[in-house]
Amino acid sequence: TLAHRNWVDYIYTEEGRFSVVATATVEDAPGGSDHQPIVAVLRITSTSAPSPSPSSAPSPSPSPSPSPPPSPSPSPSPSASPSPSTSPPPPSPSPLPPPPPPPSSQMCGVSSCTEAVLATPAVGPDSSASCGGRIQWVMDNMGKSEADACQQVGEEFPPLCGPCAPEGIPPSLPPSPAGTGGAVVALEVVTYNLYWWNVGQNNRWGALYATIEGQAFDLIGFQECEDVSTVISNVPRMSGRFDSFAPTGIPGPGDNPAPVAWDGQRFDRLGAGWLQVGSDQYGQRVTVWVRLLDRTTGATVFFANTHGPLGDCSTALGDNWMRAVADNIAPDDFLVYTGDFNCGAGSAAINVLDGAAGGPLKLVANGGIDMIFTNGADAASWRSVNGYPSDHPLVAATFEASASASPSPSPPPSPSPSSSPSCLCIFDVDRTLTARQGYAPQCPGTQQQDGVPDSAYEGGTLVLSQLALNLGATFCGACHVGVISAGTASGAGSAERGVLFQRLTAPPLPGVAGASEGNVPWKSFPNDGASASPLVVAAPEGRKQEAVPGMLSWYFARGVAIADAEVYFFDDKEENVRGFAGTGYNAREISCASRDGGGSRGGCGATTDEVGAGPFSGVEVCGEAPPPGGLCSFVGSC
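Keep in mind that this is a model prediction, so the values were computed, not measured. (Residues numbered from 1 in each chain as written. Predicted model: local features only at pLDDT ≥ 70, side-chain atom pairs only at ≥ 80, totals over all residues. Heavy atoms only, no water.)

Visitor: Break down the sheet that holds strand β23 (residues 567-571) for me, citing the residues and quoting the values.
Guide: Strand order in this open sheet of seven strands is β21-β22-β20-β17-β23-β24-β27, and the pairing throughout is parallel. At either end of the open sheet lies a strand with only one pairing partner, and these are β21 (522-524) and β27 (619-620). Pairing between strand β17 (residues 424-427) and strand β20 (residues 480-484): four bridges, direction parallel. Each bridged residue has a counterpart across the sheet, and for C425 the counterpart in β20 is V481. (Pairing = 2+ DSSP bridges. Helix = DSSP H or I, 4+ residues; strand = E, 2+ residues; numbered from the N terminus.)

Quick look at the structure:
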């Protein structure tokens with residue numbers, strides 16, 4: 001059983017012997033290794049080793065030899081003119097284990113799931129991490145049926161593995177059309193590749209900071225910037241004033257960084273995220289984005305920044321650049337997209353974006369491979385200045401406010417907590433809102449839903465848990481609700497999703513801010529940006545807490561303000577509950593008295609006694625803090 005993973009470093013435990021208490025990745029460990037230490041804290045749950053199943057035991061394979069460590073820096077690139085960006089060499093990860101035998105072309109039961117699709121690399125640059133390999137891993141390690149695994153992987157990597165999703169891929173939010181989505185905001189915007197490794201090698205930091213200080217800007221997108229906070233603190237016009245977003249956990253040297261920064265005295269951050277758009281010999285390449293609220297005008301700005309891969313200017317890369325926007329932008333956002341794209345105008349990738357080639361965006365500043373796009377707005381002016389000590393120019397654009405941008409708008413109405421519940425109860429699906437298929441006769445208070453398939457684990461007919469049928473009898477009956485599931489609830493458009501939504505929103509339950517089923521999409525993890533939802537599927541085990549901020553944003557946008565301390569999560573797996581420790585949210589493990597899968601998951605699902613009649617505080621797992629209602633009456637060993 002996989003306990004913890006960071007890119008190509010894994011910790012496995014013998015199935016049935018341990019439960020995971022906590023995991024960590026040490027991001028700032030000293031020393032010269034190009035890998036990060038990973039840690040798993042385990043609890044022994046069984047003193048005898050289970051007998052491995054011969055049919056499921058993997059065949060031993062020789063361990064590949066590790067790659068040599070990287071050299072300190074790449075050779076300097078020519079300085080005559082801006083050339084495709086180079087980054088420090090990547091870490092040299094140990095290769096992933098060989099993939100399972102090539103799956104049959106009949107896998108997933110759809111004709112579009114061909115051998116070529118199954119062999120497509122889906123996770124990073126390693127060719128062994130294919131769509132087919134990922135599907136097989138999900139089946140082997142998450143206990144999912146082939147159909148559910150195919151659907152999950154298809155939704156995880158839509159452009160690559162989507163043809164293998166039996167239910168198809170839910171449509172993404174379309175990008176703002178040509179012509180500004182919202183009011184054009186008066187802005188100065190900069191894109192700048194800092195040539196970080198070379199500047200550091202030659203100790204030219206003072207010259208770099210002076211180049212940035214010499215330009216006026218409200219937003220700046222960096223490339224090859226491994227420590228944006230250090231830059232901000234050393235540039236006087238930014239120090240103490242600018243905020244930034246630099247996501248962590250992106251595999252690659254220094255995360256192949258593309259951080260963004262903005263004037264924090266003018267803008268409030270509404271959301272942020274990143275998307276892998278490609279990869280090259282230096283690791284993963286991403287687009288980073290933030291949504292900002294301009295306090296002076298009330299307008300919203302979607303600010304995206306990228307550092308494109310070397311040697312790839314394909315249409316597929318352009319599609320991924322566009323997807324980073326389309327999946328997260330709101331209809332009224334003013335888009336500014338900066339970057340060292342490592343592709344020039346007229347390339348297939350840039351043509352996907354560029355309105356001059358039929359794309360939806362407008363190229364307003366062209367510094368060769370350093371560019372600035374908008375969703376239709378013209379720049380009043382733009383400039384490309386000497387970027388020394390970088391090997392790239394500093395490219396900037398100036399925007400003037402459109403007539404529709406009101407200088408002093410009325411502030412948006414604040415949510416009124418008194419008009420609706422200010423608490424949120426979030427439920428896992430499989431073995432929390434449901435019971436094991438076929439278990440209705442031995443699970444008191446549950447109910448089989450004849451004619452409604454449930455594809456989780458072994459598959460069968462849906463059985464609703466006692467809690468799902470009596471939610472109004474708990475304190476959650478007065479709270480709004482959400483779902484975070486590792487499974488897919490039988491996929492897009494399934495009867496199971498319809499039944500679950502009906503149970504969670506049945507009057508007089510507050511449900512989901514009064515929205516109807518057709519207006520609340522089920523969203524695959526991650527749950528952020530404008531496409532966030534209170535109904536989240538395909539969330540990795542142990543990371544479900546990461547989907548909560550998007551839910552709170554979704555409710556806030558509908559006039560419901562919910563404090564972190566008023567969030568309550570229920571799940572049948574200990575690792576998912578413990579993941580909420582330290583977040584400020586509350587979480588409780590349920591289905592404690594009835595277990596399945598060797599004790600690793602619930603059997604009959606949640607009960608009203610386990611949820612209780614009143615709120616609770618903290619993180620509670622089975623056997624440590626019995627919930628209201630008296631768990632000990634069901635478990636004699638208490």
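That was the structure; now back to the text.
Visitor: Requested: an account of unusual backbone geometry, with residues and values cited.
Guide: Leaving glycine out, the prevailing phi sign among residues is negative, and the prevailing peptide bond configuration is trans. In this model, Y388 is joined to P389 through a cis peptide bond whose omega is 15°. You can see P389 is positioned in the loop between β15 (381-385) and β16 (394-399). One non-glycine residue with positive phi stands out, namely C108, at about 75°. Here C108 is to be found in the loop between β4 (38-44) and α1 (115-118). Of note in the backbone geometry, N203 takes a positive phi value of approximately 50° without being a glycine. With respect to the secondary-structure elements, N203 resides in the loop between α5 (196-201) and α6 (205-213). Note on N203: relative accessible area 60%, which makes it exposed. (Buried < 20%, exposed > 50% of the residue type's maximum accessible area, 1.4 Å probe, protein only.)

Visitor: A description of the environment of G511 should follow, citing residues and the corresponding values.
Guide: Relative to the helices and strands, G511 is located in the loop between α12 (495-505) and β21. Taking the relative accessible area as the measure of exposure, G511 reaches 1% and is therefore buried. For the pair formed by G511 and V481, sequence separation is 30 residues and the distance between their alpha carbons is 5.6 Å. In this structure, G511 is in contact with C479, H480, V481, L504, T505 and Y555, ignoring residues within four places of it in sequence. (Contact = heavy atoms within 4.5 Å.)

Visitor: Can you tell me about the side chain of T488, naming the residues and giving the values?
Guide: Assignment of secondary structure puts T488 in the loop between β20 and α12. For T488, a relative accessible area of 1% gives the class buried. Sequence-distant contacts of T488, that is, excluding residues within four places in its chain, are made with K144, D148, Q151, Q152, R497 and V537.

Visitor: Got a sec to walk through the environment of C313? Specific residues and values, please.
Guide: Secondary-structure assignment places C313 in the loop between β11 (300-307) and α8 (315-326). Taking the C-alpha atoms as reference, C313 lies 6.0 Å from A348; in sequence the two are 35 residues apart. Apart from residues lying up to four places away in sequence, C313 is in contact with N342, C343, S347, A348 and A349.

Visitor: Give me helix α3 (residues 146-156): which residues, what numbers.
Guide: Here α3 lies mainly inside the structure; eight of its eleven residues are buried. Where α3 is buried, its residues touch α2 (131-142), α4 (158-161), α12, β21 and β22 (535-537).

Visitor: Report on the sheet that holds strand β7 (residues 242-245), specifying residues and quantitative values.
Guide: Ordered by their spatial adjacency, six strands build an open sheet running β7-β8-β6-β5-β16-β15, and the pairing between neighbours is mixed. If you trace the sheet from one side to the other, it starts and ends with β7 and β15, each paired once. On average, adjacent strands in this sheet sit at an angle of 15° to one another, irrespective of strand direction. Judged from the five bridges that link them, strand β5 (residues 187-193) and β16 form a sheet pairing that is antiparallel. Bridging across to β16, V189 finds its partner in A397. Each of β5, β6 (219-223) and β16 touches α6; the most contacted strand, β5, lies at about 155° to it. (Axes fitted to C-alpha atoms, helices over the stretch in contact; angles between N-to-C directions.)

Visitor: Outline the state of the cysteines, supporting the account with residue identities and numerical values.
Guide: Going through the model one piece at a time under the given rule, you end up with eight disulfides. Disulfide partner of C423: C479, at an S-S distance of 2.0 Å. Because the sign of the S-S torsion sets the handedness, a value of about -95° for the bond joining C423 and C479 places this disulfide among the left-handed ones. Of the two residues, C423 is situated in the loop between β16 and β17 and C479 in the loop between α11 (466-469) and β20; the sequence distance between them amounts to 56 residues. On the basis of relative accessible area, C479 is assigned to the buried category, the value being 2%. In this model C592 forms its disulfide with C622; the gap between the sulfur atoms is 1.9 Å. Its S-S torsion of approximately -80° makes the covalent link between C592 and C622 left-handed. In this pair, C592 sits in the loop between β24 (586-589) and β25 (595-596) while C622 sits in the segment after β27, placing the two residues 30 residues apart along the sequence. Take C592: its relative accessible area is 15%, and that puts it in the buried class. (Disulfide = S-S within 2.5 Å.)

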